Amino acid sequence: MVPTFPQLSPSPSVTTSTLHALHRSFDVHQPPSITEVQLAIRDLNLLLHPPHNRGCGYKTTALTSTLEKCLMWMLYFFRAFVNGLEWGPAALKTAKFVGKGPYISRKVREWSRAYIADRGNLPFIRYSGAWTKSRIRDEDLQEELLLHLQSLGKYVTASAIIIYLDHLEVQARYGLTKNISLATAQRWMTEVGYRWGKDPKGQYVDGHE
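Here the structure is a predicted model, which is why all the values come from computation and not from measurement.

Moving on: the overall build of the protein chain. The helix and strand tally for the protein chain stands at 9 helices and 3 strands. The order of α-helices and β-strands along the protein chain, N terminus first, is α-α-α-α-α-α-β-α-α-α-β-β. Out of the 209 residues belonging to the protein chain, those deemed buried represent 33%. Of the accessible surface of the protein chain, which amounts to about 13600 Å², a share of 57% is contributed by carbon and sulfur atoms.

Below, the structure is given as structure tokens:
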């Protein structure tokens, strides 16, 4: 006799709409819904402007200035999306608005998706004003430094980076509070393709030429 098994039916708690939502949440090519973004806007506003328990006004947040800036960029991005721009163009417009490029456009999209999935997913900032190994790999800053070095000609010195980063407007643009060491500048130049040249003495040669 062939045994029979009971027919399994879907759990009533898992609806078709829930399954569709779960499927879409893992599709990186599908933007979140307007409702999801509106809820994220509400929660970001509470995070950036926590209300006092009594009376009007807001409490001081425990956020670092860098994290607060990134959350504001996410808020700009969300609002642009809700106001009618598509996901990608909204991120590009946000990056342009804050004076950044494609790298920040991509990061804002990454941070925003992570935050929508879990409110505990805040942007992970590996630097806080000081020059660190991760900070020098900021794509916008790296691009600006390379353009500056190329404008100086084929032969450049590592001190050219230090002089450039000593400008207050550059430090303000990237949130730097101190300059780098000569050793850090030399190490970075070799990483991006420059090589030490014997003639002229003490200068680097663009290895891409």
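Now that the structure has been shown, we can carry on.
Counted at 1.5 Å a residue, the expected span for helix α2 (residues 34–48) with its 15 residues is 21 Å, and the 21 Å between its end C-alpha atoms agrees. Among all positions of α2, only V37, A40, I41, D43, L44 and L48 are buried.

What follows covers the packing of helix α3 (residues 65–82) against helix α5 (residues 102–117). At a closest axis distance of 10 Å, the pairing of α3 and α5 adopts a crossing angle of 85°. Judged by the inter-axis angle, α3 sits roughly perpendicular to α5. Within the contact between the two elements, α3 uses C70, W73, M74, F77 and F78 and α5 uses I104, V108, R109, W111, S112, Y115 and I116. By residue class, the composition of the contact of α3 with α5 is 10 nonpolar, 1 polar and 1 charged.

Attention now moves to the packing of α2 against α3. α3 packs onto α2 with a crossing angle of 150° between their chain directions and a minimal axis gap of 10 Å. With respect to their mutual orientation, α2 and α3 come out roughly antiparallel. Crossing handedness for the pair α2 and α3: left-handed. Residues I34, V37, Q38, A40, I41, L44, N45, L47 and L48 of α2 form the contact with α3, whose own contacting residues are E68, L71, M72, M74, L75, F78, R79, F81 and V82.

Moving on to the nonpolar core. As a rule of thumb, soluble globular proteins bury nonpolar side chains together. Core analysis: the largest hydrophobic core is formed by 26 residues, its most contacted members being V37, L44, L71, M74, F77, F78 and W87. Here this core takes 10 residues from α3, the largest share from any one element. In terms of nonpolar packing, the next biggest core, distinct from the first, is built from 18 residues, L141, A160, I161 and Y174 among them.

Now for helix α9 (residues 182–191). Of the positions making up α9, those classed as buried are T184, A185, W188 and M189. Down the axis of α9, the sector holding all buried residues measures 135°, keeping them to one side. The first or second residue beyond α9 is G193, which carries a positive phi of 115°.

All right, on to the packing of aromatic side chains then. Throughout the structure, instances matching the rule amount to 4 aromatic pairs. Between F77 and F78, the aromatic rings sit 5.9 Å apart at their centres with planes inclined by 25°, giving stacked as the arrangement. Judged by relative accessible area, F78 falls into the buried class, the value being 0%. Centre to centre, the rings of F81 and W87 are 5.2 Å apart; their planes meet at 90°, and the pair counts as edge-to-face. Through a chain of ring-to-ring contacts, three or more aromatic side chains come together here, namely F77, F78, F81 and W87.

Rules of the game
- Residues numbered from 1 in each chain as written.
- Predicted model: local features only at pLDDT ≥ 70, side-chain atom pairs only at ≥ 80, totals over all residues.
- Heavy atoms only, no water.
- Helix = DSSP H or I, 4+ residues; strand = E, 2+ residues; numbered from the N terminus.
- Buried < 20%, exposed > 50% of the residue type's maximum accessible area, 1.4 Å probe, protein only.
- Areas by Shrake-Rupley, 256 points an atom, 1.4 Å probe, with all protein chains shown as cover.
- Expected span 1.5 Å × (residues − 1).
- Axes fitted to C-alpha atoms, helices over the stretch in contact; angles between N-to-C directions.
- Parallel < 35°, antiparallel > 145°, perpendicular 65-115°, else oblique.
- Contact = heavy atoms within 4.5 Å.
- Nonpolar A, V, L, I, M, F, W, Y, C, P; charged D, E, K, R; others polar.
- Left-handed = near helix turned anticlockwise from the far one by under 90°.
- Core = buried A, V, L, I, M, F, W, Y, C linked by side-chain atoms within 4.5 Å.
- Arc of directions from axis to C-beta.
- Phe/Tyr/Trp six-rings, centres within 6.5 Å; stacked < 30°, edge-to-face > 60°.

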